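Listed below are the residues making up each chain.
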Protein chains: 2
Amino acid sequence: MPISTKSRPGKTRPSKDTYHHGNLRQVLIDTTLQLIAKIRPENVTVRAVAKLAGVSSGAPFRHFPNRSALMTAVAEEAMLRLQEEVASSLKKAADKNPLMRFRAIGEAWIRWAVRNPSHFKVISDRSLLDSDASAAWRKRSQAIQAEGIRLLGEAQEQGLLPGVEIRYFHLAGRALVYGLARMYSDGHFASFGLDESRVDQIGESVLDAFFRVPVRPTKNHVGKPKDH
Amino acid sequence: MPISTKSRPGKTRPSKDTYHHGNLRQVLIDTTLQLIAKIRPENVTVRAVAKLAGVSSGAPFRHFPNRSALMTAVAEEAMLRLQEEVASSLKKAADKNPLMRFRAIGEAWIRWAVRNPSHFKVISDRSLLDSDASAAWRKRSQAIQAEGIRLLGEAQEQGLLPGVEIRYFHLAGRALVYGLARMYSDGHFASFGLDESRVDQIGESVLDAFFRVPVRPTKNHVGKPKDH
DNA sequence: CGGATAAAGTAAGCACCGCTTACATATGGA
DNA sequence: TCCATATGTAAGCGGTGCTTACTTTATCCG
C-alpha cells in the first residue's frame, strides 16, 4: 500500500458534526486518492467520493465545477510530490557529473511513479484532467524539463555526450522513463516476463542500458521481495 | 486524416435494406474506429456506435458481450496492422545489421502509432479492453517481442552491443518507443515545444539519440510542412 | 449584538450511459 | 414447408455527471 491515502497538504479534518463541513475541498481530494488506490481512476465516480466523504452527491460541485477539475486538483498534488522527489534525488547526486544527475531525474521519476501509483495514474491519463490543466501543473512540469536540458548542456560542454543532439537526447530520456512507468502502471510487465516487485531494480537496469553502463559482473540481482 | 476509418478486413456492406443487417459485427468495428478518430475512445459510447451504424442501441450486444469486447475487437485489428508494419519495415532493412533491424522495429512502431492514431489509442489504453484481451492479440504482440530479442542476440554475437544486457536493452527500446508514441498521442508534444507534424522526423532523431548515431552535420531539418 | 448576505450544504430530477429482458422478424436446414 | 435459431427492436433498470430549487450556517457590518 502506498502512502498516497494519507492526507498531507491540507489538515483534512473530516469532522462532519456541523452542517458545514469546514474543509470539504481538501477532504474530497484526499478521498479521491483513497478511491484511486482501490479502483481505476476512470471508474472513480463523484457520487462515490461524496458518499465516502459523508456528504450529498451534489456537494462536490460547490467546490469543483466538474469531475475533471477534481481530478486536476489531485494531479496538482501529484506533480508537487514529483517535484519534491526530483529535488531530493538531485540533492543526493550533487557530487556526480551532469549526465548522472540527469539520470537521477529519471530515477526520481520512476521511483515517484512506482511509489505513488494513484498519483501517477491521474497524471498520466490526461483525459481525466481539464483540457488545459492548471497553470501550477504546467509550471512544475516545465521546471523539471528545463533542469534536465540544463544538465545535458553541461554534460555536452564537458564532452560527455559527443555527437549527440541534446534536445532529442532529452526527449529520448523522457520518453524512456515515461514509457517504462506507464508500462508498469498499465500492467504490461507481466507480458514481458518482468517481476513487478523488482520494478526499482528493473528501472536501474533499463537506465543502465540507456546510458550504456557496462554490466557489472558481480551485480547482486536478488533484492528484497517487497517492503509493503 | 489517417486511413483508419476505411474498412479493410471485412467487406463492410452497411446496407440496411433488410431487417437483418448482414455484416453488423464488422460494421460496428469500423464504425467504432470512425468515432475514435473524432472523439476520445473512452468517450465512445455503444449507443453512439449503434446509432451511426443505423441499428438499435441493443443490437451491438448480440455481437459483443460488452463494450470492452467491442474495443478488444478493434484492438485486434490494430495489432494486426502493427504486425504488418513491422514485417514490412524489417523486409526493407533486410540488408542491414541486426541492431539496425532492431531499430527498424521501433521505427515501424512509431510509424504505426502515428498513422493509425485511433488504433494506437485503443491498444495503449488497456482499461478499455477485456482484462485478458484475446489470445490472438497476445500472440502477435509476443511475436514482435521475440523477434526483437532475437535480433539483439545476433547483435551481441557480432560485438555490436558490448557490455549491455540485451534483456534490458530490449525493454529500454520498447519503453522508449511506447513512451514517445504515447506522448504524441496524448498531446504532450506541445509542452515540449515539438511540432506534431514532424513526428516522423522527431522519432528518427530520438532513435538516433538512443542508438548514439552521431549528428549528421548536413542533415536537412526543414521537411515538408504537412501533408494533410 | 443582530440581521442581511453570501457560502455551502441537501434533495430531487434531467439526460445519458451500459446492459438486460421480452418480443418480433428473417434465415437456413430437415 | 416448417420450425429452431440467429439477429434485430423497444422498453426499462440502476447508475452516471451535473443542475436546479431550496435550506442551513457562517460572516460581516451598522
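Positions within a chain are numbered from 1, following the residues in the order the chain's sequence is written. As they are written, the chains are lettered A onward and the ligands numbered 1 onward, keeping that order. Where local features are concerned, this predicted model is filtered to residues with pLDDT of at least 70; where side-chain atom pairs are given and counted, the filter is 80 or more; whole-chain, interface and lining totals use all residues. In computing side-chain values, all of the structure's heavy atoms are included and hydrogens and water are not.

**Q** Describe the overall build of chain A, and please don't skip the residues or the numbers.
**A** By definition, any uninterrupted DSSP run of H or I lasting at least four residues is a helix, any uninterrupted run of E lasting at least two residues is a strand, and each is numbered from the N terminus. Within chain A, the secondary structure is distributed over eight helices and zero strands. Under the scheme applied here, a residue whose accessible area is under 20% of the maximum for its type counts as buried, over 50% as exposed, and between as partly exposed, the area being computed with a 1.4 Å probe on protein chains only. Looking at chain A as a whole, 50% of its 228 residues qualify as buried. We call two residues contacting when some pair of their heavy atoms lies within 4.5 Å. Sequence-distant contacts, at least 24 apart, represent 64% of the contacts inside chain A between residues at least 6 apart. Surface exposure here means Shrake-Rupley accessible area, sampled with a 1.4 Å probe, where a residue is shielded only by the protein chains that are shown. For chain A, the exposed surface amounts to about 11,200 Å²; the carbon and sulfur share of it is 53%.

**Q** Lay out the interface of chain A and chain B in plain terms, naming residues and giving numbers.
**A** Across the boundary between the two partners, chain A contributes 43 residues, which contact 44 residues of chain B. Here chain A packs against chain B, burying approximately 3,900 Å² in sum over the two surfaces, 64% of which is carbon and sulfur. A pair is scored as a salt bridge if a Lys or Arg side-chain nitrogen falls within 4 Å of a carboxyl oxygen belonging to Asp or Glu. Our count for the contact surface shared by chain A and chain B stands at zero salt bridges. What qualifies as a polar contact is a pair of N or O atoms within 3.5 Å, subject to a donor-acceptor requirement within protein and to the restriction that residues adjacent in sequence count only when both atoms come from side chains. For the interface between chain A and chain B, the tally reads six residue pairs in polar contact (both at pLDDT 80 or more). Counting residues per element, the ones that place at least two in the side of chain A that touches chain B are α6 (135-157), α7 (166-185) and α8 (199-211) of chain A. If you tally residues by element for the side of chain A that touches chain B, the top one is α7(A), at 14 residues. Under the scheme applied here, ten amino acids are nonpolar (Ala, Val, Leu, Ile, Met, Phe, Trp, Tyr, Cys and Pro), four are charged (Asp, Glu, Lys and Arg), and all others, including Gly, are polar. Here the residues of the side of chain A that touches chain B are counted per class, giving 20 nonpolar, 13 polar and ten charged. Throughout, the accessible surface (probe 1.4 Å) given up by two parts as they are put together, summed over both, is called the buried area.

**Q** Could you give an account of the side chain of B:Thr72, with specific residues and numbers?
**A** Secondary-structure assignment places B:Thr72 in helix α3 (residues 67-92). A polar atom in the side chain of B:Thr72 sits 2.7 Å from the backbone oxygen of B:Ser68.

**Q** Can you explain unusual backbone geometry? Please cite residues and give values.
**A** The residue A:Arg212 is not glycine, and still its phi comes out positive at about 60 degrees. Following the sequence through the fold, A:Arg212 ends up in the segment after α8.

**Q** Any details on the relation of the copies chain A and chain B? Residues and values, ideally.
**A** Expressed as a screw transformation, the operator carrying chain A onto chain B has a rotation angle of 180 degrees and an axial translation of 0.1 Å, and the superposed copies differ by an RMSD of 0.1 Å. Classification of the inter-copy transformation places it as that of a two-fold axis. Superposing the copies works by least squares over the C-alpha atoms of residues that have pLDDT at least 70 in both of them.

**Q** Describe α8(A), listing the residues and the values that go with them.
**A** One fewer than the residue count of a helix, multiplied by 1.5 Å, yields its expected span. Here α8(A) contains 13 residues, and its C-alpha end-to-end distance of 18 Å stays within 8% of the 18 Å for a straight helix at 1.5 Å per residue. Within α8(A), eleven of the 13 residues are buried, leaving the element largely enclosed by the surrounding structure. Of the positions making up α8(A), those classed as buried are A:Val199, A:Gln201, A:Ile202, A:Gly203, A:Ser205, A:Val206, A:Leu207, A:Asp208, A:Ala209, A:Phe210 and A:Phe211. Packed against the buried residues of α8(A) are α4 (98-115) and α7 of chain A together with α7 (166-185) and α8 (199-211) of chain B. Positive backbone phi, approximately 60 degrees, marks A:Arg212, located one or two places after α8(A).

**Q** Describe the environment of B:Asp195, listing the residues and the values that go with them.
**A** Residue and element names in this part refer to chain B. Along the chain, the position of Asp 195 falls in the loop between α7 and α8. Of the residues examined, Asp 195 reaches a relative accessible area of 39% and is grouped as partly exposed. The contact partners of Asp 195, leaving out residues within four places of it in the chain, are Phe 189 and Ile 202. Side-chain polar atoms of Asp 195 contact the side chain of Ser 197, separated by 2.9 Å.

**Q** Go over the nonpolar core, please, and point to the residues and values.
**A** Of all hydrophobic cores here, the largest spans 136 residues; its most connected members are A:Phe169, A:Leu171, B:Phe169 and B:Leu171. For A:Leu171, the residues in contact, after removing those within four places along its chain, are B:Leu180, B:Met183, B:Phe192, B:Leu194, B:Ile202 and B:Val206. Remark: nonpolar core denotes a set of buried residues (Ala, Val, Leu, Ile, Met, Phe, Trp, Tyr, Cys) joined through side-chain atoms within 4.5 Å.

**Q** How would you sum up the pattern of salt bridges? Please name residues and give values.
**A** In the structure shown here, the tally under the stated rule is 14 salt bridges over all chains. Of the charged contacts in the structure, one is a salt bridge between A:Glu107 and A:Arg103, with a shortest N-O distance of 3.0 Å. On the criterion of helical spacing, the pair formed by A:Glu107 and A:Arg103 is a turn pair, its members being four residues apart in helix α4. You'll find A:Glu107 and A:Arg103 in the same group, each marked buried. B:Glu85 is paired through a salt bridge with B:Arg111; the nearest N and O atoms lie 2.9 Å apart. Here B:Glu85, found in helix α3, pairs with B:Arg111, found in helix α4 (residues 98-115); they are 26 residues apart in sequence, far enough to count as distant. According to the relative accessible area criterion, B:Glu85 is buried, its value standing at 18%.

**Q** Pulling in residues and values, what's your account of the packing of α3(B) against α4(B)?
**A** Each packed pair of helices is defined by two parameters, the angle between the axes and the distance between the axes. All names here are of chain B. Fitting a line to C-alpha atoms yields each axis, with helices limited to the stretch in contact; the angle taken between N-to-C directions then spans 0 to 180 degrees. Between α3 and α4, whose axes approach to 8 Å, the crossing angle comes to 140 degrees. The orientation of α3 relative to α4 falls into the category oblique. For the element pair α3 and α4, the recorded crossing hand is right-handed. Side by side, α3 and α4 meet where Ala 78, Arg 81, Leu 82, Glu 85, Val 86, Ser 89 and Leu 90 of the first sit next to Arg 101, Ala 104, Ile 105, Ala 108, Trp 109, Arg 111 and Trp 112 of the second. Oblique is the label for any angle not covered by the other classes, which are roughly parallel (under 35 degrees), roughly antiparallel (over 145) and roughly perpendicular (65 to 115). By the definition used in this description, the sense in which the near helix is turned from the far one sets the handedness, with an anticlockwise turn below a right angle giving left-handed and a clockwise turn giving right-handed.

**Q** Could you give an account of α8(B), naming the residues involved and the relevant values?
**A** Along α8(B), ten of the 13 residues are buried, which leaves the element largely enclosed by surrounding structure. Within the span of α8(B), buried status applies to B:Val199, B:Ile202, B:Gly203, B:Ser205, B:Val206, B:Leu207, B:Asp208, B:Ala209, B:Phe210 and B:Phe211. Along its buried surface, α8(B) packs onto α7 and α8 of chain A together with α4 and α7 of chain B.

**Q** An account of the confidence of the model for chain A is requested, with residue identities and associated values reported.
**A** The quantity known as pLDDT measures the predictor's confidence residue by residue, on a range of 0 to 100. Model confidence for chain A is summarised by a mean pLDDT of 84, while 84% of its residues fall at 70 or above. Scored below 50 in pLDDT, residues 1-16 of chain A makes 36 contacts in the model with residues more than four places away or belonging to other chains.

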